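If you want the building blocks of each chain, they are given just below.
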Amino acid sequence: KAGVTQTPRYLIKTRGQQVTLSCSPISGHRSVSWYQQTPGQGLQFLFEYFSETQRNKGNFPGRFSGRQFSNSRSEMNVSTLELGDSALYLCASSQGWGDENTEAFFGQGTRLTVV
Amino acid sequence: AQKITQTQPGMFVQEKEAVTLDCTYDTSDPSYGLFWYKQPSSGEMIFLIYQGSYDQQNATEGRYSLNFQKARKSANLVISASQLGDSAMYFCAMREELKAAGNKLTFGGGTRVLVKP
């Protein structure tokens, strides 16, 4: 059974550009959550999608957005990149939504560097 | 609001010895889950162990065990018989077990563990 796949693994972008990151969850999983990890702020929740609907959102500006497709694959987009957006972006896949004992399985992340 | 505190930023442990990683949490939710993840230098978060707030027994998974003290709001991870491959960052995380909360995890700041041969 394939794990969570995030693409690309590494990205270098220039300030002001936009970027799209992709996450393919484990087959059969319908929930995808996104996290940002930085040395200063640690791991912070961005948003969660379940059945193509955003169910939860963290405290991030509107430049951060996402979507989920009918096959549960998810993309997140960051527009007008800032230097502070440089981070490891992690995607987590879960089978259900709001179910007890539901594990979240993470991908290897996309490391974004903004120059 | 939920909060997770890991007071040990880093620690050394001798190979084959046990190590305890501290985690305290704060929540007003009656039902929650506690998780530990391992993050090697590759970046991937690897699930280690889960403890539900209503579980009567401490969770165990192989060499990992969770020392859950609900009254003290602590959920310490114990790794027995440390191996060189255990060198990594370890994160404690919490999730509200309410339907509306979904799968959102709140993480602590992490503890870096270095296993010495």
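Described below are features of the structure shown in this document. (Residues numbered from 1 in each chain as written. Chains lettered and ligands numbered in written order. Predicted model: local features only at pLDDT ≥ 70, side-chain atom pairs only at ≥ 80, totals over all residues. Heavy atoms only, no water.)

1. Topic: the nonpolar core
Counting residues in hydrophobic clusters, the biggest one holds 24 residues, and the most contacted among them are B:Tyr25, B:Trp36, B:Ile49, B:Leu77 and B:Tyr90. Those elements that place two or more of their residues in this core are β3 (19–21), β5 (32–39), β6 (46–52), β8 (64–69), β9 (74–79), β10 (88–96) and β12 (111–116) of chain B. When residues of this core are assigned to their parent elements, the largest contribution, 4 residues, is made by β10(B). Contact partners of B:Tyr25, with chain neighbours within four places excluded, come to B:Lys3, B:Ile4, B:Tyr32, B:Leu34, B:Phe68, B:Lys70, B:Lys73, B:Ser74, B:Ala75 and B:Met94. Counting residues in hydrophobic clusters, the runner-up holds 21 residues, among them A:Leu11, A:Phe60, A:Phe64 and A:Leu112. (Core = buried A, V, L, I, M, F, W, Y, C linked by side-chain atoms within 4.5 Å. Buried < 20%, exposed > 50% of the residue type's maximum accessible area, 1.4 Å probe, protein only. Helix = DSSP H or I, 4+ residues; strand = E, 2+ residues; numbered from the N terminus. Contact = heavy atoms within 4.5 Å.)

2. A few points about the interface of chain A and chain B
With 24 residues of chain A in contact, the opposing surface of chain B contributes 22 residues. Both sides of the chain A and chain B interface together cover about 1,900 Å² of buried area, and 50% of this is carbon and sulfur. Our count for the chain A to chain B interface comes out at 0 salt bridges. Summed over the shared surface of chain A and chain B, the number is 6 residue pairs in polar contact (both at pLDDT 80 or more). Elements with a minimum of two residues in the side of chain A that touches chain B: β4 (31–38), β5 (42–50) and β9 (87–94) of chain A. Ranked by residues supplied to the side of chain A that touches chain B, first place goes to β4(A) with 4 residues. Partitioning the side of chain A that touches chain B into residue classes produces 8 nonpolar, 11 polar and 5 charged. (Buried area = accessible area lost by both parts, 1.4 Å probe. Salt bridge = Lys/Arg side-chain N within 4 Å of Asp/Glu carboxyl O. Polar contact = N/O pair within 3.5 Å; in protein donor to acceptor, adjacent residues only side chain to side chain. Nonpolar A, V, L, I, M, F, W, Y, C, P; charged D, E, K, R; others polar.)

3. Some remarks on the state of the cysteines
Each disulfide is one covalent bond, formed between the sulfur atoms of two cysteines. By the definition in use, this model includes 2 disulfides over all chains. Residue A:Cys23 pairs covalently with A:Cys91 via a disulfide, S to S 1.7 Å. Between A:Cys23 and A:Cys91, the S-S dihedral sits near -45 degrees, and the bridge is therefore left-handed. In this pair, A:Cys23 sits in strand β3 (residues 19–24) while A:Cys91 sits in strand β9, placing the two residues 68 residues apart along the sequence. With a relative accessible area of 0%, A:Cys23 lands in the buried category. Classification of A:Cys91 as buried rests on a relative accessible area of 0%. Note on cysteine connectivity: B:Cys23 is disulfide-linked to B:Cys92, with sulfurs 2.0 Å apart. Looking along the S-S bond of the B:Cys23-B:Cys92 disulfide, the torsion reads about -65 degrees, which is the left-handed sense. (Disulfide = S-S within 2.5 Å.)

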